[in-house]
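# Understanding the architecture of this molecule
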Amino acid sequence: METRRLAVLCSHLSPSTSTRETPLEASTSATQEEEKGGGCTQDGCVFCRIVRGEAPAFKLYEDDVCLCILDSKPLTLGHALIIPKCHFPSLETTPPSVVAAMCSKVPFLSNAIMRATQCDSFNFLVNNGKAAGQVIFHTHFHIIPRKAGDKLWPSESFRRTSIVGNPETASLVACIKDNICASSCDDCKINASPLS
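Residues numbered from 1 in each chain as written. Predicted model: local features only at pLDDT ≥ 70, side-chain atom pairs only at ≥ 80, totals over all residues. Heavy atoms only, no water.

### Topic: unusual backbone geometry
Counted only if it meets this: The numbering of helices and of strands both runs from the N terminus, where a helix is a DSSP run of H or I of at least 4 residues and a strand a run of E of at least 2. The buried label goes to any residue with under 20% of its type's maximum accessible area, the exposed label to any with over 50%, and the partly exposed label to all in between, with areas taken from a 1.4 Å probe on protein chains only.
We note that Gln118 has phi near 60°; this positive angle belongs to a residue other than glycine. Mapped onto the elements of the fold, Gln118 is located in the loop between helix 6 (106-117) and strand 6 (121-125). Phi is positive for Lys151, close to 50°, though the residue is something other than glycine. For Lys151, a relative accessible area of 70% corresponds to the exposed category.

In structure tokens form, the structure reads like this:
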């Protein structure tokens, strides 16, 4: 398995000349489950279509769990997406092992993207839910290369204020801690103090 992963990685880092001539291609990978007919993709999802090789994408990296492609409507040069090969509509429905596998690729993918775009910074972003700007309901992470002074986000000019230790803040902290405990009762060892 490790040899296969290394071969896949090397093929993406040193593509053949024919790949360079036609970088927009349909991904032809399939998971073992899909090859057996089980599958974990959803009809109608553009990311699932890319995973199945039915839609074109500029593929940067691929392994057994995830795929990294250039965003089709980039905010900056090199804007990339890390998507899981199985369909999960939101971050909270994505298994922790899949999230961990995706996150483990961020350091080396972001370094490669920053070197290629001559940037020294990047935003790592997840739009989770419609109100947060999620448009494609298949979990995905954005890596957005940044340069000083590019003024990509209007919010960068906003002045932030310090948090105030008042009853409202204490109530918020207590409520979040209660929700954490409700989600993971066995692991809940959070101090009740709001400032701890």
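### Here we look at the pairing of strand 5 (residues 80-84)
Operational definition: The criterion for strand pairing is that DSSP finds at least two bridges linking the strands in question.
Burial runs high along strand 5: five of the five residues are buried. Covered by surrounding structure in strand 5 are Ala80, Ile82 and Pro84 together with Leu81 and Ile83, the residues of both alternating faces. Sheet analysis places strand 4 (residues 66-70) next to strand 5, joined by five bridges and oriented antiparallel. When the sheet's bridge partners are listed, Leu67 is paired in strand 5 with Ile83. With three bridges connecting them, strand 5 and strand 7 (residues 141-146) associate as antiparallel partners.

### Description of the sheet that holds strand 4
Quick note on the threshold: Fitted lines through C-alpha atoms serve as axes, helices being fitted only where they are in contact, and the angles separating the N-to-C directions of these axes extend from 0 to 180 degrees.
Strand order in the open sheet formed by five strands is 3-4-5-7-6, with antiparallel pairing between adjacent strands. Two strands lie at the open edges of the sheet, namely strand 3 (59-62) and strand 6, each paired on one side alone. Looking at each pair of strands side by side, their axes are set apart by 20° on average, direction ignored.

### Let's talk about the packing of aromatic side chains
Stated precisely, the cut-off is as follows: Between rings of Phe, Tyr and Trp, where Trp is taken as its six-membered ring, a pair exists when centres lie within 6.5 Å; planes separated by under 30 degrees are stacked, by over 60 edge-to-face, and by other angles tilted.
Summed over all chains, the structure comprises two aromatic pairs. Ring centres of Tyr61 and Phe108 lie 5.2 Å apart, and the angle between their planes is 80°; on these two criteria the pair is classed as edge-to-face. In this pair, Tyr61 is assigned in strand 3 and Phe108 in helix 6, connecting sequence segments 47 residues apart. Taking relative accessible area as the criterion, Tyr61 reaches 7% and is therefore assigned buried.

### A closer look at the confidence of the model for the protein
In plain terms, the rule: pLDDT runs from 0 to 100 and stands for how confident the predictor is about each residue. Contact criterion: two residues are considered in contact whenever any of their non-hydrogen atoms come within 4.5 Å of each other.
Chain-level statistics for the protein give a pLDDT mean of 81 and a share of 73% at 70 or above. Scored below 50 in pLDDT, residues 1-38 makes 48 contacts in the model with residues more than four places away or belonging to other chains.

### Let's talk about the nonpolar core
For clarity, the cut-off: We call a set of buried Ala, Val, Leu, Ile, Met, Phe, Trp, Tyr and Cys residues a nonpolar core when their side-chain atoms join them within 4.5 Å.
Grouped together as the largest cluster of nonpolar side chains are 14 residues, with contacts concentrated most on Cys68, Ile82, Met102 and Leu109. Among the elements of the structure, strand 4, strand 5, helix 5 (96-104), helix 6 and strand 7 are those that each provide at least two residues to this core. Counting residues in hydrophobic clusters, the runner-up holds eleven residues, among them Cys45, Cys48, Ala57 and Leu67.

### A short note on the pattern of salt bridges
Here is the rule: We count a salt bridge whenever a side-chain nitrogen from Lys or Arg sits within 4 Å of a carboxyl oxygen from Asp or Glu.
For the structure on display, the rule yields five salt bridges. Glu54 is the salt-bridge partner of Arg52, the closest N and O atoms lying 3.0 Å from each other. By relative accessible area, Arg52 is classed as partly exposed at 24%. Put simply, Asp63 and Lys105 hold a salt bridge, and the shortest N to O gap is 3.2 Å. Of this pair, Asp63 sits in the loop between strand 3 and strand 4 while Lys105 is found in the loop between helix 5 and helix 6, placing the two residues 42 residues apart along the sequence. Like Asp63, the residue Lys105 is buried in the burial classification. Within this structure, Lys59, Glu62 and Lys85 form a network of salt bridges that share partners.

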